[in-house]
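An overview of the molecular structure
What follows is each chain in one-letter form.
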Amino acid sequence: KILASEYFIFDGYLESVNDIETRFREGMVKQIIVFEPDFGYRLMREKSADIQLIADASDANTANLVVNYTSAIIQEYMLGLQADAGGLLRIEPEIRMMYNESLKGAFMFVPGVMALILMIVSALMTSITITREKEMGTMETLLVSPLRPLQIILGKVTPYVVLSFVNAVTIVVMGYFVFGLPVHGSLALLLFECLLFISVALTLGIFISTMVETQQMAMFFSMMMLMLPTILLSGFIFPVENMPEILQWISYIVPAKYFIIIVKSIMLKGTGMAFVWKETLVLIFMMLFFIANSVRRFKIRLA
């Protein structure tokens, strides 16, 4: 029998070991339990049986937590059997950590640091730059010029797109050569997703700048709406599944959550667009939403 579990909620049986990789790539299962053939018979007759715990270690903290709890459950079950049977029974769990066998912390922190840096450079700097022009009065000059609001926005964000993309490439290169973080999937797809996340962060920064008038307010809103959620609610440090339910719901509107899932899936699991298309669509929707609202607010100011 092969059991798949999302934490400790039973998810179902798998037909064969060939389905293990697919289920992990889908990202819905954190641990798979494999029982050897005739597990019950061997345990009762030979007093010994083997069981394998396979965990998705792309998030090392979660993998450790799940494996430790499962091992404790097996140990408690084994002690109960020994008391009932009056003999020595032994269940030997074999643990395998997929995608991060040595449980390197860098495999978890590099994607999170990438999301944090891109968010700071793209959104925070963009919102502060535009509000500074509003304070100096030069933004009003642009608004009454023949330029369309969309042209003004594109002109403001283009330098930050280039700067942020260079940062993203630098982080990927340093992660590979310094920390040994592999890129098992398509590098082109990874760079595309980085560019998409940069675009989301930039449009979010533009949107914040249309709501505030001063640099101090822009920095405050950026800190509250971008940096803290990116650190606390994206799964960068704490597993989202372990948070209170209300925070889990709030995490759905944090762009970094989807970006970190995409980066881990491509770099560690080697997945393609077929496995990350949902997260990609969410980021595209967020980008279009912030662009539309930013252009609309610029039009109101122009009117």
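Thresholds, definitions, all that
Residues numbered from 1 in each chain as written. Predicted model: local features only at pLDDT ≥ 70, side-chain atom pairs only at ≥ 80, totals over all residues. Heavy atoms only, no water. Helix = DSSP H or I, 4+ residues; strand = E, 2+ residues; numbered from the N terminus. Buried < 20%, exposed > 50% of the residue type's maximum accessible area, 1.4 Å probe, protein only. Contact = heavy atoms within 4.5 Å. Areas by Shrake-Rupley, 256 points an atom, 1.4 Å probe, with all protein chains shown as cover. Phe/Tyr/Trp six-rings, centres within 6.5 Å; stacked < 30°, edge-to-face > 60°. Lys NZ or Arg CZ within 6 Å of the ring centre and 35° of its normal. Pairing = 2+ DSSP bridges. Salt bridge = Lys/Arg side-chain N within 4 Å of Asp/Glu carboxyl O.

Let us now look at the overall build of the chain. Each helix and strand counted, the chain has 11 helices and 5 strands in total. Looking at the chain as a whole, 48% of its 303 residues are labelled buried. Taking the intrachain contacts of the chain between residues at least 6 apart in sequence as the baseline, contacts between residues at least 24 apart amount to 72%. Of the roughly 15,300 Å² of accessible surface on the chain, 66% is carried by carbon and sulfur atoms.

Below, the discussion takes up the packing of aromatic side chains. This model, assessed by the stated rule, comprises 8 aromatic pairs. For the ring pair Phe 24 and Tyr 99, a centre distance of 6.3 Å and an interplane angle of 85° mean the geometry is edge-to-face. Of this pair, Phe 24 sits in helix H1 (residues 18-26) while Tyr 99 sits in the loop between strand S5 (90-98) and helix H4 (106-136); the two residues are 75 residues apart in sequence, bridging distant segments of the chain. As far as burial versus exposure is concerned, Phe 24 and Tyr 99 are alike and both buried. Ring pairing ties together the aromatic residues Phe 207, Phe 285, Phe 289 and Phe 290, which thus form one cluster. Above the plane of the ring of Tyr 252 lies Lys 257, whose end atom (NZ or CZ) is 4.0 Å from the centre. It is Lys 257 that lies over the ring of Tyr 258; its NZ or CZ is 5.9 Å from the centre.

Before going further, it helps to spend a moment on the pairing of strand S4 (residues 48-56). Burial analysis of S4 places 8 of its 9 residues in the buried class, which makes it a mostly covered element. In terms of strand pairing, strand S3 (residues 31-35) meets S4 through 5 bridges, oriented antiparallel. Across the sheet, residue Phe 35 finds its bridge partner in S4, namely Ile 51.

Turning to the pattern of salt bridges, a few remarks are in order. Throughout the structure, instances matching the rule amount to 4 salt bridges. Between Arg 23 and Glu 26 there is a salt bridge, and its shortest N-O distance comes to 3.4 Å. Here Arg 23 and its partner Glu 26 are both found in helix H1, 3 residues apart, which amounts to about one turn of the helix. Relative accessible area serves as the criterion here: at 18%, Arg 23 is assigned to the buried category. Using a relative accessible area of 40% as the deciding quantity, one classes Glu 26 as partly exposed. Here Glu 101 makes a salt bridge to Arg 96, at a shortest N to O gap of 3.9 Å. Here Glu 101 falls in the exposed class, since its relative accessible area comes to 56%. Judged by relative accessible area, which is 38%, Arg 96 ranks as partly exposed.

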